[in-house]
Amino acid sequence: MKKLFATTLSAALLTTGGFGAANVLHADKAEAAISKYETSYKNHEARYQLNITADELKQLPEYETIASKIDVTGLTAKVTEDNNYKRIVLFRDARGQGKYKSIFVKDTNSLKLIDFRGGEIFFGTVEAAETATEPTKPESKPVAEQNSTLAEYAKLSSVVNVSSINLQVVEDNASKRVITLKDQNGRVQYKSIFMKRTNMLKVIDTRGGQIFYGSIN
């Protein structure tokens, strides 16, 4: 009887030990898998932690809209994700603290701007996203004598009092025309962007942001 009890106890201990070893082996495999995933994620994340210069930032199609909504002066821009679908840029202050984040969806030309302290501050379409490079600017030319011939002039003059402002065409191509409106001291007060193929006009107050966006018809 004692021999039978001893044999049964030994079998039970052996079985328990087998389960314990299996559990330890399973835990080791799970930990190794998690470690491998974390390493892969960190390598992927590091790949897109790219600081960009001010000139490179200005080449991005979403830059003009970003700069019209937030003051990027003194901020460091870092691309944290850039693929065929979207681009995410993180803006940090001189102390390295995150201030803003932009999310640009490429196939829809839509942009979202997030203030880390105040939440979403902008969501809309970026009309200038037709090209990722800054177009060559032609020589500025006064158009005071040609104002009435511009397709967008009537709508522009209904939004802004142009009687004491000097208008200058700073860009004019097959896609769009950009006009700056300066006061008597030569300071830019307004900027208009006219998309020719869609007849859409955007008017920006350099001190207060966008004041009009719509069709000129």
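Residues numbered from 1 in each chain as written. Predicted model: local features only at pLDDT ≥ 70, side-chain atom pairs only at ≥ 80, totals over all residues. Heavy atoms only, no water.

**Side note on the overall build of the chain**
This is how the line gets drawn: Helix and strand definitions follow DSSP, with helices as H or I runs of at least four residues and strands as E runs of at least two, each counted in order from the N terminus. Classification of residues uses two cut-offs on accessible area relative to the type maximum, computed with a 1.4 Å probe and protein chains only: under 20% is buried, over 50% is exposed, and between them is partly exposed. Any pair of residues with heavy atoms lying within 4.5 Å of one another is described as a contacting pair. Every accessible area reported is derived by Shrake-Rupley at a probe size of 1.4 Å, with residue values counting cover from the shown protein chains alone.
Looking only at helices and strands, the chain has 4 helices and 12 strands in total. Of all 217 residues assigned to the chain, the portion counted as buried reaches 33%. In the chain, the share of contacts with a sequence separation of at least 24, taken over all contacts with a separation of at least 6, comes to 33%. When the accessible surface of the chain is summed, it comes to about 14,100 Å², and 53% of that surface belongs to carbon and sulfur atoms.

**Focus: the side chain of Arg 177**
Which entries qualify depends on this criterion: Think of a polar contact as two N or O atoms within 3.5 Å of one another; within protein, one of them needs to be a possible hydrogen donor and the other a possible acceptor, and neighboring residues in sequence only count if both atoms come from side chains.
Secondary-structure assignment places Arg 177 in strand E9 (residues 176–182). In this structure Arg 177 comes out as buried when scored by relative accessible area, which is 9%. At a separation of 2.7 Å, a polar atom in the side chain of Arg 177 contacts the side chain of Glu 152. Excluding residues that lie within four positions of it along the chain, Arg 177 makes contacts with Leu 150, Ala 151, Glu 152, Val 169, Glu 171, Asp 172, Ser 192, Ile 193, Phe 194 and Lys 196.

**Here's the deal with the nonpolar core**
Under the convention used in this document: In this description, a nonpolar core means a group of buried Ala, Val, Leu, Ile, Met, Phe, Trp, Tyr and Cys residues linked to one another through side-chain atoms lying within 4.5 Å.
Leu 57, Ile 66, Phe 91 and Leu 111 are the most contacted members of the largest nonpolar core, which has 18 residues in total. Ignoring anything within four residues of it in the chain, the contact list for Phe 91 reads Leu 57, Ile 66, Ile 70, Val 72, Leu 75, Thr 76, Ala 77, Gln 97, Gly 98, Lys 99, Tyr 100 and Ser 102. With 16 residues, the next largest nonpolar core counts Val 160, Ile 179, Leu 201 and Phe 212 among its residues.

**Points about the pattern of salt bridges**
Opposite charge on two side chains makes pairing possible when the charged atoms of those side chains draw close. Keep this limit in mind: The salt bridge criterion pairs a side-chain nitrogen of Lys or Arg with a carboxyl oxygen of Asp or Glu, the two atoms within 4 Å.
Under the counting rule described, the total for this entry stands at 11 salt bridges. Its salt-bridge partner being Glu 64, residue Lys 191 comes within 3.7 Å of it at the nearest N-O pair. Highlighted residues: Lys 191 in strand E10 (residues 188–195) and Glu 64 in helix H3 (residues 63–69), separated in sequence by 127 residues. Among the residues examined, Lys 191 registers a relative accessible area of 26% and is labelled partly exposed. Across the salt bridge formed by Asp 82 and Arg 87, the nearest N and O atoms sit 3.6 Å from each other. A residue is classified by how much of its surface remains accessible, and Arg 87, at 9% relative accessible area, is buried. A cluster of three or more residues bridged by salt bridges with shared partners is formed by Glu 62, Asp 82, Arg 87 and Lys 106.

**Overview of the pairing of E10**
Short version of the rule: Strand pairing is defined by DSSP finding a minimum of two bridges between the two strands.
Here E10 lies mainly inside the structure; 6 of its 8 residues are buried. Hairpin geometry of E9 and E10 is characterised by an intervening segment of 5 residues between the two adjacent antiparallel strands and by a positive phi of about 80 degrees at Gly 186. For E10 and strand E11 (residues 200–205), the ladder comprises 6 bridges, and the chain directions are antiparallel. Residue pairing across strands places Tyr 190 opposite Asp 205, the latter belonging to E11. Between the antiparallel neighbours E10 and E11 lie 4 residues, among them Asn 199 with a positive phi of about 60 degrees.

**Overview of the confidence of the model for the chain**
To keep it simple, the criterion reads: Values of pLDDT, which run from 0 to 100, indicate the predictor's confidence residue by residue.
Across the chain, pLDDT averages 76, with 67% of residues at or above 70. The least confident element of the chain is strand E7 (residues 141–142), whose mean pLDDT is 46; the most confident is E11, at 94. Note on residues 19–25: pLDDT is under 50 here. Beyond four places in sequence and across chains, it has 0 contacts.

**Re the pairing of strand E3 (residues 86–92)**
Here E3 lies mainly inside the structure; 5 of its 7 residues are buried. As paired elements, strand E2 (residues 76–82) and E3 share 6 bridges and run antiparallel to each other. Opposite Lys 78, over in E3, you have Leu 90 as the bridge partner. As paired elements, E3 and strand E4 (residues 98–105) share 7 bridges and run antiparallel to each other. Following the sheet pairing, Arg 92 is matched in E4 by Gly 98. The antiparallel pairing of E3 with E4 creates a hairpin that spans 5 residues between the two strands, and Gly 96 there sits at a positive phi of about 85 degrees.

**Considering unusual backbone geometry**
One non-glycine residue with positive phi stands out, namely Asn 109, at about 55 degrees. The residue Asn 109 is located in the loop between E4 and strand E5 (110–115) in this model. Here Asn 109 falls in the partly exposed class, since its relative accessible area comes to 23%. Even without being glycine, Asn 199 reaches a positive phi, approximately 60 degrees. Counting through the fold element by element, Asn 199 comes out in the loop between E10 and E11.

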